Amino acid sequence: MACLRALFRVRRSGQILPVHNKVPVCFKYTQHQGVKGIRNRKSYYESLMQANQQITQDPTSAPISPSDMRFLDDRAYDEVAGGAMRISRDVATAQHVLILQPYIKWTAKRSTTDNVRPEDQLAEATALINSLPNWQVTSALKVPLENLERKTLFGSGKLLELKELIANLQRQGQLTCLFVSKGTLSFAQKHFLESEFHLPILDRYSVVIQILRLHATSAEAKLQVAMAELPYIWAQAKDAGVSQTRRQGYTLTDLQKEILRTRERKLRAELERVRCQRQLLRQKRKLQNYPIAAVVGYTNAGKTSLIKALTVEDSLQPRNQLFATLDVTAHAGHLPCNLQLIYMDTVGFMSDLPTGLFECFVATMEDAMLADVIIHVQDLSHPCHAAQRTHVESTLRSMSFNLTDGDADANHLLNKNICAHHISARAHTGLEPLLKDIERQILTVTGRRKIQMRVPNGGSEMAWLYKNAAVVDTIADAANPERLLMQVVISQRVLEQFKREFC
């Protein structure tokens with residue numbers, strides 16, 4: 001796979017119910033219920049509140065344990081979420097999906113480099129559905145529109161055409177839901193389409209949430225996915241309140257609002273604990289003087305494949321799936337100069353999704369934004385690689401202004417120093433020039449330099465340098481056989497420490 005690797009230098013400063021990959025999710029059609037969910041579950045809800053009211057006050061006191069995650073196992077919340085997203089996780093069944101890819105007519109005629117064609121958008125929507133086990137695409141089609149904001153979304157003629165298509169598919173028993181590939185549908189749009197088609201309606205946000213649920217295995221990932229659901233539910237409830245009257249039963253009850261507020265409060269507390277733990281880990285790596293290279297990119301661009309090729313880590317198993325990686329994980333590697341560095345694998349980005357969804361992953365994305373070097377992986381075989389590059393870079397730029405790190409400067413900026421490399425992680429071609437470029441930038445950013453030092457052969461100085469610096473090469477001193485010439489990569493701080501110790 002031919003990929004373009006663009007490097008950015010960074011100024012260094014300072015339940016939900018567990019879902020397993022083999023258990024698919026299913027829909028529960030809730031027309032005329034909106035986000036209503038439950039009504040008479042007060043006693044059950046209060047018992048949950050009493051069982052989970054103790055939240056640790058010190059976020060750094062202990063790692064997240066299963067007992068800390070008990071509040072995610074909340075059937076009351078699941079019913080509220082299911083009403084908003086039209087999804088239930090209680091029954092395992094296959095799904096047959098009709099994909100509708102709306103697009104603005106005049107944008108399809110543009111020929112700019114970063115323009116994404118409707119065909120490419122439809123292909124990405126199909127890939128989203130195929131990422132879910134037992135979900136099948138029954139049919140997929142593009143739908144030209146004048147705009148994406150009208151309540152009915154589609155015109156009257158297109159609605160009749162779609163009704164006929166849906167009726168034919170239902171007669172064949174090949175349709176259970178409809179996926180409108182738009183970032184988010186308003187409550188009014190979703191309610192209108194459901195009343196017209198009599199099928200559950202999903203948008204990109206709700207489908208991506210389902211993928212994230214399936215791929216969230218660690219406690220951190222589950223917390224972040226759970227947090228990402230809440231903005232969607234609140235937005236649907238707010239829009240429902242504007243669109244309909246409370247008398248018609250479309251808004252959240254006071255009890256349901258309290259369920260959401262309590263869940264959000266607990267999630268924020270646990271995520272703050274995660275953030276503090278990650279900060280401590282970063283400080284520990286900083287004390288150990290390990291340089292950090294964060295690998296970022298569009299989802300399924302090949303980030304994990306690149307790290308596996310650079311580190312030769314057998315435990316890494318790249319998957320050809322969207323959002324396969326939800327946790328930021330650290331992997332040790334070596335540069336040509338023998339300097340050890342840490343590669344950080346990160347969550348992939350995707351266009352046409354609210355930034356609020358990815359902001360819920362801020363606790364782990366800080367590791368990338370505060371790295372010494374950012375490696376941007378792009379899949380050049382993808383027809384939309386230029387648009388994907390633009391989306392990732394703009395997202396990183398916006399995130400760089402919102403993240404802080406202890407003693408770090410809150411206003412630190414991404415300093416671009418772009419060098420492009422064409423490599424194949426599968427065939428291991430082009431890796432050597434890439435590693436040399438990473439090495440050059442790491443040495444520049446971290447203030448390390450290559451120097452040659454003359455030390456006693458087999459002495460304590462030699463052992464100290466092997467322990468505290470990266471030894472590139474050693475040769476015997478031709479002028480003095482009792483001496484050794486050591487070429488090392490060393491920072492100024494470590495060099496001064498060596499001088500104090502031995503000079």
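This text follows the structure it describes.
### Concerning the overall build of the protein chain
Each helix and strand counted, the protein chain has 15 helices and 13 strands in total. With the model as given, the accessible surface of the protein chain reaches about 22,800 Å², and the carbon-plus-sulfur share is 49%.

### Overview of the environment of K303
Inspection of the secondary structure assignment puts K303 in helix 9 (residues 303-311). When the C-alpha atoms of K303 and P318 are compared, they prove to be 8.5 Å apart, with 15 residues separating the residues in sequence. Excluding anything up to four places from it in sequence, K303 contacts V295, V296, G297, Y298, D345, T346, V347, G348 and V377. In this structure the side chain of K303 is engaged in a polar contact, spanning 3.0 Å, whose partner is the backbone oxygen of Y298.

### Considering the packing of helix 2 (residues 75-85) against helix 8 (residues 254-287)
Between helix 2 and helix 8, the shortest axis-to-axis distance is 10 Å and the interhelical angle comes to 110°. Relative to helix 8, the element helix 2 is oriented roughly perpendicular. Residues A76, Y77 and V80 of helix 2 pack against Q256, I259, L260 and R263 of helix 8. Residues of the contact of helix 2 with helix 8, tallied by class, amount to five nonpolar, one polar and one charged.

### Topic: the pattern of salt bridges
Side-chain pairs of opposite charge can arise whenever the charged atoms involved come near each other. Per the stated rule, a full pass over the model turns up 15 salt bridges. With its nearest N and O atoms 3.0 Å apart, the salt bridge here joins E119 to K142. One end of the pair, E119, is in helix 3 (residues 118-130); the other, K142, is in strand 3 (residues 135-145), and 23 residues separate them in sequence. The partly exposed category is assigned to E119, whose relative accessible area is 38%.

### Here we look at unusual backbone geometry
In the Ramachandran plot, N134 falls in the positive-phi region, its phi being about 65° despite a non-glycine side chain. Note on placement: N134 falls in the loop between helix 3 and strand 3. With phi around 55°, H198 is a residue other than glycine that occupies positive phi space. Following the sequence through the fold, H198 ends up in the loop between helix 5 (187-197) and strand 5 (201-202).

### Details of the packing of aromatic side chains
Inspection of the entire model under this criterion finds four aromatic pairs. Look at W464 and F502: their rings are 6.1 Å apart centre to centre, the planes differ by 80°, and that puts the pair in the edge-to-face class. You can see W464 sitting in helix 14 (residues 460-468) and its partner F502 sitting in helix 15 (residues 492-502), a full 38 residues away along the chain. A relative accessible area of 13% means that W464 is categorised as buried. The interplanar angle of 45° and the centroid separation of 5.0 Å between the aromatic rings of F498 and F502 together place this pair among those described as tilted. With F498 and F502 both in helix 15 and four residues apart, this pair spans about one turn of that helix. The exposure class of F498 is buried, given its relative accessible area of 6%. Of the aromatic side chains, those joined through ring pairs into one cluster are W464, F498 and F502.

### Observations regarding the pairing of strand 2 (residues 95-104)
Burial analysis of strand 2 places nine of its 10 residues in the buried class, which makes it a mostly covered element. One ladder, built from 10 bridges, connects strand 2 with strand 3; its direction is parallel. By the bridge assignment, Y103 is partnered in strand 3 with P144. With four bridges connecting them, strand 2 and strand 4 (residues 177-180) associate as parallel partners. Counted as the bridge partner of I99 is F179 from strand 4.

### Section: helix 12 (residues 385-400)
Between its first and last C-alpha, helix 12 extends 22 Å over 16 residues, near the 22 Å set by a 1.5 Å rise per residue. Listed as buried for helix 12 are A386, A387, Q388, H391, V392, E393, T395, L396, M399 and S400.

### Side note on the nonpolar core
Membership of the largest hydrophobic core comes to 69 residues, with the highest contact counts inside it found for L128, L212, F323, M350 and L357. Not counting residues up to four positions away in its chain, the partners in contact with L128 are F179, R204, V207, V208, I211, L322, F323 and M350. Ranked by size, the runner-up nonpolar core spans 25 residues in total, among them Y343, V373, I423 and L443.

### Re the sheet that holds strand 11 (residues 448-456)
Taken together, the three strands give an open sheet; going across it, the order is 11-13-12, and neighbouring strands pair in antiparallel fashion. Each of the sheet's edge strands pairs with one partner strand only, and the pair in question is strand 11 and strand 12 (470-476). Neighbour-to-neighbour, the strand axes of the sheet open up by a mean angle of 20°, direction not taken into account. Pairing geometry for strand 11 and strand 13 (residues 483-491), over nine bridges, is antiparallel. Along strand 13, the bridge assignment pairs K450 with V489. Those strands touched by helix 14 are strand 11, strand 12 and strand 13, and its axis lies near 155° from that of strand 11. Packed on one face of the sheet, helix 15 meets strand 11 and strand 13 and runs near 140° to strand 13.

Rules used in this analysis
Residues numbered from 1 in each chain as written. Predicted model: local features only at pLDDT ≥ 70, side-chain atom pairs only at ≥ 80, totals over all residues. Heavy atoms only, no water. Helix = DSSP H or I, 4+ residues; strand = E, 2+ residues; numbered from the N terminus. Areas by Shrake-Rupley, 256 points an atom, 1.4 Å probe, with all protein chains shown as cover. Contact = heavy atoms within 4.5 Å. Polar contact = N/O pair within 3.5 Å; in protein donor to acceptor, adjacent residues only side chain to side chain. Axes fitted to C-alpha atoms, helices over the stretch in contact; angles between N-to-C directions. Parallel < 35°, antiparallel > 145°, perpendicular 65-115°, else oblique. Nonpolar A, V, L, I, M, F, W, Y, C, P; charged D, E, K, R; others polar. Salt bridge = Lys/Arg side-chain N within 4 Å of Asp/Glu carboxyl O. Buried < 20%, exposed > 50% of the residue type's maximum accessible area, 1.4 Å probe, protein only. Phe/Tyr/Trp six-rings, centres within 6.5 Å; stacked < 30°, edge-to-face > 60°. Pairing = 2+ DSSP bridges. Expected span 1.5 Å × (residues − 1). Core = buried A, V, L, I, M, F, W, Y, C linked by side-chain atoms within 4.5 Å.

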